[in-house]
Amino acid sequence: MQRVTIVGAGFAGLTAVRALRQADPSLEITLVSRKPEFVYYPGLIWVPSGLRTGDDLVIDLGRFFERMRVNHIPGEATGLSADGRVLETTYGPIENDGLILASGGRFIKKLPGIEHAIVPCEGVAAAKAIRDRVKAMDGGSIAMGFASNPNEQSSMRGGPMFEFLFGIDNQLRKEKRRDRFKLHFFTPAERPGNRLGPKAVDGLLAEMKRRGIETHLGSKMKGFSETKVTTESDEFDADLILFMPGVTGNAWFDNTSLPRSPGGLLQADAQCRVPGFERVYVAGDSGSFPGPDWMPKQGHMADLQARAAAKNLLAEFAGREPKAGFRVELLCIVDTNDSGMLVARNEKYNLVLPSMKLFHWLKRFFEWMYLRRYRSA
């Protein structure tokens, strides 16, 4: 019986579980994460407006693990030994015959004063804090923005910030409070959202202008204070700051000899293998993969990489060469709480459909479909 260890209970980790178990009922699968739960991060954008409570986005994985016959280890990875055949954890060492690293990324929190900003995608607590702060404000300035990893420009999670921006704007309008607020959007990029494609960027910037959102683009960030955002060319008031930093690798990677990208992520090849390590794979935000510069860091991409990693690991167990690659595609709906712009991109086309209510409901339907597989007994 082959033993597979998976690190992480996010999109990539859980997709790897499903792919492995479907292909081989005899595998011994162990998954390491702090808690047996899955947080559906795309739904956090709806917490400030009350469309989601936050707690309803946290899924107990107990029944899923039982159904998939997964041994869950409540701990965190701390290192590797025996050329990857032993995962060191806070729970103790775990031996494996194959390893899939899907532990996500880590936000780079080096900007001076970053403690004054809320990082929305850190989890439910952050989304609730945004909800409570906006609710308590009688007016003022709200600044929202993102940055990338300076050593790996593609390592960012900028998409959700557009959704928080337009969602909060819509929320304030529905509450008839928008006239008492000034909204700012900031990023060092001159063309924010460029991975979505030129047409999408033009649409996003036009929508900000239409909504009266002040933009601060193309200047390097210098830092934050309790009441201000400062860039190399500008300084503006902010009573509430939402900021998504760039993403780098997990801190425990430093305790290994795993190869790293310039931005600190795990180096991966086109088959999701970690070079120099036998039967060690990476999927999702933890990895740096070959591909176009617009390749996204999103749950859909993590799912595609996890399926390839699982397929290739099983091929190695069977004595075959791992040849499976993954599609590179961007698929997202930039939601505004009641409508959304659909963006789809691959190496052949870049489709952008204007905002409409149908896409908002499509995004909610996808959430229901995706979570159903983990909620069901």
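Note that the structure is a prediction, hence the values are computed from the model and not measured.

## Observations regarding the overall build of the protein
Broken down by element type, the protein carries 7 helices and 24 strands. Over its C-alpha atoms the protein spans a radius of gyration of 21 Å, differing by no more than 12% from the 21 Å that the globule rule assigns to 377 residues. Here the C-alpha coordinates of the protein stretch approximately 65 × 45 × 40 Å along the principal axes. Residues counted as buried form 57% of the 377 residues belonging to the protein.

## Remarks on the UniProt feature "domain: FAD/NAD(P)-binding" (unreviewed entry) in the protein
Residues annotated by UniProt as "domain: FAD/NAD(P)-binding" (unreviewed entry) correspond here to residues 3-285. Counted over residues 3-285, helix gives 22% and strand 28%. Its end C-alpha atoms are 24 Å apart.

## Let's talk about the sheet that holds strand S12 (residues 181-187)
Strand order in the open sheet formed by 4 strands is S13-S12-S11-S17, with parallel pairing between adjacent strands. Looking at the sheet topology across the chains shown, the edges are occupied by strand S13 (214-217) and strand S17 (240-244). Going from strand to strand, the sheet's axes swing by 15° on average, the running direction of each strand aside. Bridge count between S12 and S13: 4 bridges; the pairing is parallel.

## Some points on a nonpolar patch on the surface
A cluster of nonpolar residues, Leu362, Phe365, Trp368 and Met369, forms a patch on the protein surface that exposes about 400 Å² of accessible area. Following the sequence through the fold, Trp368 ends up in helix H7 (residues 357-375). Trp368 sits in the partly exposed class, given a relative accessible area of 45%.

## Quick word on the pattern of salt bridges
Scanning all chains against the criterion turns up 22 salt bridges. For Lys128, the salt bridge is made with Asp55, and the minimal N-O distance between the two is 2.9 Å. Placement of Lys128 in helix H3 (residues 124-136) and of Asp55 in the loop between strand S3 (37-39) and strand S4 (58-60) is noted, with a sequence separation of 73 residues between them. Among the ionic contacts, a cluster of salt bridges with common partners joins Asp169, Arg173, Arg178, Glu207, Arg210 and Arg211.

## Examining H3
Taking 1.5 Å of rise per residue, 13 residues should cover 18 Å, and H3 covers 18 Å from first to last C-alpha, within 8% of that figure. Every buried residue belonging to H3 is among Val124, Ala126, Ala127, Ile130 and Val134, and all of these are buried. Buried residues belonging to H3 abut S3, S4, strand S11 (140-146), helix H4 (159-174) and S17.

The rules behind the values
- Residues numbered from 1 in each chain as written.
- Predicted model: local features only at pLDDT ≥ 70, side-chain atom pairs only at ≥ 80, totals over all residues.
- Heavy atoms only, no water.
- Helix = DSSP H or I, 4+ residues; strand = E, 2+ residues; numbered from the N terminus.
- Rg over C-alpha atoms; globule rule 2.2 N^0.38 Å.
- Buried < 20%, exposed > 50% of the residue type's maximum accessible area, 1.4 Å probe, protein only.
- UniProt positions renumbered as here; feature names shortened; annotations may be inferred.
- Pairing = 2+ DSSP bridges.
- Axes fitted to C-alpha atoms, helices over the stretch in contact; angles between N-to-C directions.
- Patch = residues over 30% accessible without salt bridge, like charges linked within 9 Å, V, L, I, M, F, W, Y side chains within 5 Å.
- Areas by Shrake-Rupley, 256 points an atom, 1.4 Å probe, with all protein chains shown as cover.
- Salt bridge = Lys/Arg side-chain N within 4 Å of Asp/Glu carboxyl O.
- Expected span 1.5 Å × (residues − 1).
- Contact = heavy atoms within 4.5 Å.

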